[in-house]
Amino acid sequence: MDTAALDTAALDAGAPGTKALDTEVLIAGAGPTGLVLAIDLTRRGIRHRLVERDGRGFPGSRGTGIQPRSLEVMDDLGTVEALLASGGPVPPMQTWEGTERLREWDLVEPGDPSPGVPYPDVLMCPQWRTVEVLYARLEELGGRVDFSTELTGFTQDEDGSGVTAELRRADGRVETVRAAYLVAADGGRSAVRKALGVPFEVESVDARAAQIADVRMTGFEQAGIDRDHWHMWPTAPGGLIGLRPLEASADTVQIMAFWADTAYEPDPERDATPEALARLITERTGITGLVPEETVWASSFRPKAGMAERFRTGRVFLAGDAAHIHSPAGGQGLNTSVQDAYNLGWKLGAVLRHGAPDALLDTYDAERMQVASDVLALSTRMHGQDRTLGFERGLSRRGKETHQLTLHYRTGPLARELRRGLREGTEGAEEGAPKAGPEDVLRAGDRAPDAPCTDPSGAPFSLFDAFRGPHFTLLDLTGSDAEGEPVAAAVADVEWVRTYRIGGTAPDLVDAGGHAKAAYGTGLFLVRPDGYVGLATDDAADVRAYLAEVSGIGAVPEMHP
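All figures in this text were calculated on a predicted structure; none of them were measured in a lab. The numbers attached to residues start from 1 for each chain and follow its sequence in the written order. Note on the predicted model: pLDDT of at least 70 is required for a residue's local features to be given, and 80 or more for side-chain atom pairs to be given and counted; whole-chain, interface and lining totals, by contrast, use all residues. No hydrogens and no water enter the side-chain calculation; it runs on all heavy atoms of the structure.

K.L.:
Quick question: what am I supposed to make of the sheet that holds strand 24 (residues 533-537) here?
P.N.:
By definition, the strands of a sheet pair up through backbone hydrogen bonds, in either a parallel or an antiparallel sense. Pairing between two strands requires that DSSP report at least two bridges joining them. Each helix is a run of DSSP H or I of at least 4 residues and each strand a run of E of at least 2, with the numbering of both proceeding from the N terminus. Taken together, the five strands give an open sheet; going across it, the order is 20-24-23-21-22, and neighbouring strands pair in mixed fashion. The sheet is open, and its two edges are formed by strand 20 (416-417) and strand 22 (497-501), each paired on a single side. Pairing of strand 21 (residues 472-476) with strand 22, which is carried by five bridges, proceeds in the parallel orientation. Directly across from leucine 475, in strand 22, lies its bridge partner tyrosine 500. Sheet strands in contact with helix 15 (residues 540-551) are strand 20, strand 21, strand 22, strand 23 (524-527) and strand 24, and its direction is about 155° off that of strand 24. It only takes one pair of heavy atoms within 4.5 Å for two residues to be counted as in contact. Fitting a line to C-alpha atoms yields each axis, with helices limited to the stretch in contact; the angle taken between N-to-C directions then spans 0 to 180 degrees.

K.L.:
Any chance you could explain the pattern of salt bridges here in plain terms?
P.N.:
Two side chains bearing opposite charge may form a pair once their charged atoms approach each other closely. A side-chain nitrogen of Lys or Arg and a carboxyl oxygen of Asp or Glu constitute a salt bridge if their distance falls within 4 Å. Taken as a whole, this structure holds 41 salt bridges when the rule is applied. Between arginine 302 and glutamate 265 there is a salt bridge, with the nearest N and O atoms lying 2.8 Å from each other. Here glutamate 265 lies in the loop between strand 14 (252-258) and helix 8 (268-271) and arginine 302 lies in the loop between strand 15 (291-301) and strand 16 (304-308), a separation of 37 residues in the sequence. Residue burial is assigned from relative accessible area. The probe radius is 1.4 Å, only protein chains are included, and a residue is buried under 20% of its type maximum, exposed over 50%, and partly exposed in between. On the basis of relative accessible area, glutamate 265 is assigned to the partly exposed category, the value being 48%. Several salt bridges converge on common partners, so that one network encompasses Arg49, Arg144, Asp146, Arg169 and Glu175.

K.L.:
What exactly am I supposed to notice about unusual backbone geometry here?
P.N.:
Leaving glycine out, the prevailing phi sign among residues is negative, and the prevailing peptide bond configuration is trans. The backbone of arginine 62 shows a phi angle near 35°, a positive value even though the residue is not glycine. If you trace the backbone, arginine 62 turns up in the loop between strand 2 (48-51) and strand 3 (65-66). According to the relative accessible area criterion, arginine 62 is partly exposed, its value standing at 47%.

K.L.:
Sorry, what's going on with the sheet that holds strand 12 (residues 230-233) here?
P.N.:
In spatial order, the strands read 5-4-12-13-14-11-15; together these seven strands make up an open sheet with mixed pairing. Single-partner strands in this sheet number two, and they are strand 5 (100-105) and strand 15. When strand polarity is set aside, the average angle formed by the axes of neighbouring strands in this sheet is 20°. Here strand 11 (residues 210-218) runs beside strand 14; their pairing, made up of seven bridges, is antiparallel.

K.L.:
Quick question: what am I supposed to make of the environment of tyrosine 342 here?
P.N.:
Turning to its location among the elements, tyrosine 342 is positioned in helix 10 (residues 333-353). Residues tyrosine 342 and leucine 151, spaced 191 residues apart in sequence, show a C-alpha to C-alpha distance of 22 Å. Among residues more than four places away in sequence, those in contact with tyrosine 342 are Val36, Asp40, Arg43, Arg69, Val73, Asp76, Leu77, Pro529 and Asp530.

K.L.:
Looking at this structure, I do not really get the packing of helix 10 against helix 11 (residues 362-387). What am I missing?
P.N.:
The angle between the axes and the distance between the axes are what describe a pair of packed helices. At their nearest, the axes of helix 10 and helix 11 sit 10 Å apart, and the two run at 165° to each other. Classified by the angle between their axes, helix 10 and helix 11 sit roughly antiparallel to one another. The crossing of helix 10 and helix 11 is right-handed. Counting all contacts with helix 10, which are made through Thr336, Gln339, Asp340, Asn343, Leu344 and Lys347, the residues of helix 11 involved are Thr363, Tyr364, Glu367, Arg368, Ala372 and Val375. Charged residues are taken to be Asp, Glu, Lys and Arg, nonpolar residues to be Ala, Val, Leu, Ile, Met, Phe, Trp, Tyr, Cys and Pro, and polar residues to be all remaining types, Gly included. In terms of residue class, the contact of helix 10 with helix 11 is built from four nonpolar, four polar and four charged. For classification purposes, angles smaller than 35 degrees are called roughly parallel, those larger than 145 roughly antiparallel, those between 65 and 115 roughly perpendicular, and all remaining angles oblique. Take the far helix as the reference: if the near one is turned anticlockwise from it by less than a right angle, the crossing is left-handed, and if turned clockwise, right-handed.

K.L.:
Mind showing me how you'd approach the pairing of strand 2 here?
P.N.:
Moving residue by residue along a regular strand, the side chains alternate between the two faces of the sheet. Neither face of strand 2 is left uncovered, since the one carrying His48 and Leu50 and the one carrying Arg49 and Val51 both have all their residues buried. At this point the chain moves from strand 1 (residues 23-28), through helix 2 (residues 32-43), to the parallel strand 2, and the crossover so formed is right-handed. When the strands point away from the viewer and the path from the first strand over the helix to the second turns clockwise, the crossover is right-handed.

K.L.:
Quick question: what am I supposed to make of the packing of aromatic side chains here?
P.N.:
We describe a pair of aromatic rings using the distance from one ring centre to the other and the angle between the two ring planes. Here a Phe, Tyr or Trp ring, Trp counted by its six-membered ring, pairs with any other such ring whose centre lies within 6.5 Å, and the pair is stacked when the planes are under 30 degrees apart, edge-to-face when over 60, and tilted otherwise. As enumerated under the stated definition, the model contains 13 aromatic pairs in all. For the ring pair phenylalanine 311 and tyrosine 364, a centre distance of 6.3 Å and an interplane angle of 45° mean the geometry is tilted. Note that phenylalanine 311 is positioned in the loop between strand 16 and strand 17 (312-313) and tyrosine 364 in helix 11, a separation of 53 residues in sequence. For the pair shown, phenylalanine 311 and tyrosine 364 are each scored as buried. Note on phenylalanine 461 and tyrosine 500: the rings are 6.0 Å apart at their centroids and 35° apart in plane angle, and the pair reads as tilted. Residue phenylalanine 461 is found in the loop between strand 20 and helix 12 (463-467), and its partner tyrosine 500 is found in strand 22; the two are separated by 39 residues along the sequence. You can call phenylalanine 461 partly exposed: its relative accessible area is 23%.

Structure representation (structure tokens):
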């Protein structure tokens, strides 16, 4: 890692009249959200501390579905290959009534393979394995997690210059840490959120209690239960029960059960023992022969949905479950959470390393609150459909809207659609909502699609190869040699922008199949570090103006209308 990028001297000195900083960003919570943020900050050379109250090794499957958009995030962070090797596709559903198989069906609508979408389908991978892959990547980059270290309190400076936090280790030692920013990734019961006093409105999604348990089991052949299906008994006496063989394990099954008796409160210590689970399976399915050997992890809950009133308070940010909690329906929670971190990471880097104004961090709140609100509505709606449309099958079919590829920031504070003739039609499109209608063409604020290209030597080089890393990417698809010089001048002194000309007499990338042109059209496209189009324009002067706005380089000129 570039030691100059750590800017240690600035940390030690601090601003005049302020206390020196021990680190730039303190992250509380080393689940997927905190780990993704730590990986992104590490590759940006941002000094940080990642603390986790518990020890290493989250044991449970919990959030198992990694959506296509999140796989693109993992590709950029260097973890997608390990995840693909550990997980697998959503298994076909097998609906049962007692000991009789009724029907086989697909839970998730398959994606459409295309040049712009390299990962069209959902990947199933137990959360414990996802977390281990993220740990390994963080350590590979030189980062680490301080396990068995709890954030027990914090204060923000009155002058807004930083945060002072108290950390307590398992042996009772207490440490005081000064940081420029604090990010709470400490879960749905977030102590940081509560300390801030941020309202968190929660609504019940289902009156029934549920229990999920990861269990090592034997007796599959004797019981006639294969490991190639997700088995579901939706009308079982006492309530729905499902068995899903887990990836990354040869003998572990996730048991999901709901209790029709809404007064019943399952207790994993009582209801998730091997003996209790064996009785539950027999009572609800009539199948014998399955033998639970060991309960690896279990959790009981009543499905709820909730969101914080704001995601930023001074120098403290809420991310992941600390900011929003979801019904498990549709597999949206973990995915929305890691994309919170992905959105925030580049903005912290811009402020701490590239002179961007602090106001850039306000856009985290503006962009992610709308997305979280829309995704919460989606998962809550799906949970309701599971109980109505999907009653006979146990779950309702998940459409492509769960893939999160069409979520956007079109009406957000960082989207600039300045191409002549294309600015109409963006008004009224709710930020974060899926794109639709006759104006469904790429616009500023949309996810930047992939496209297979080659470099001038003929070697394969996709647009995602161009985007990969902590930089902005400027795509010149004007096809005009005359635009080359103004474009180069616009970004000449901006170190965190990479430019690729596609088309013209001396292109950086060759679009032989026309896929980039088909996806983007004509113009200049400035792609943000998180893979969304920030600016789409016909004029190179707009590129300079946009970069000035988000990085503070020079005076901010007026954008061309």
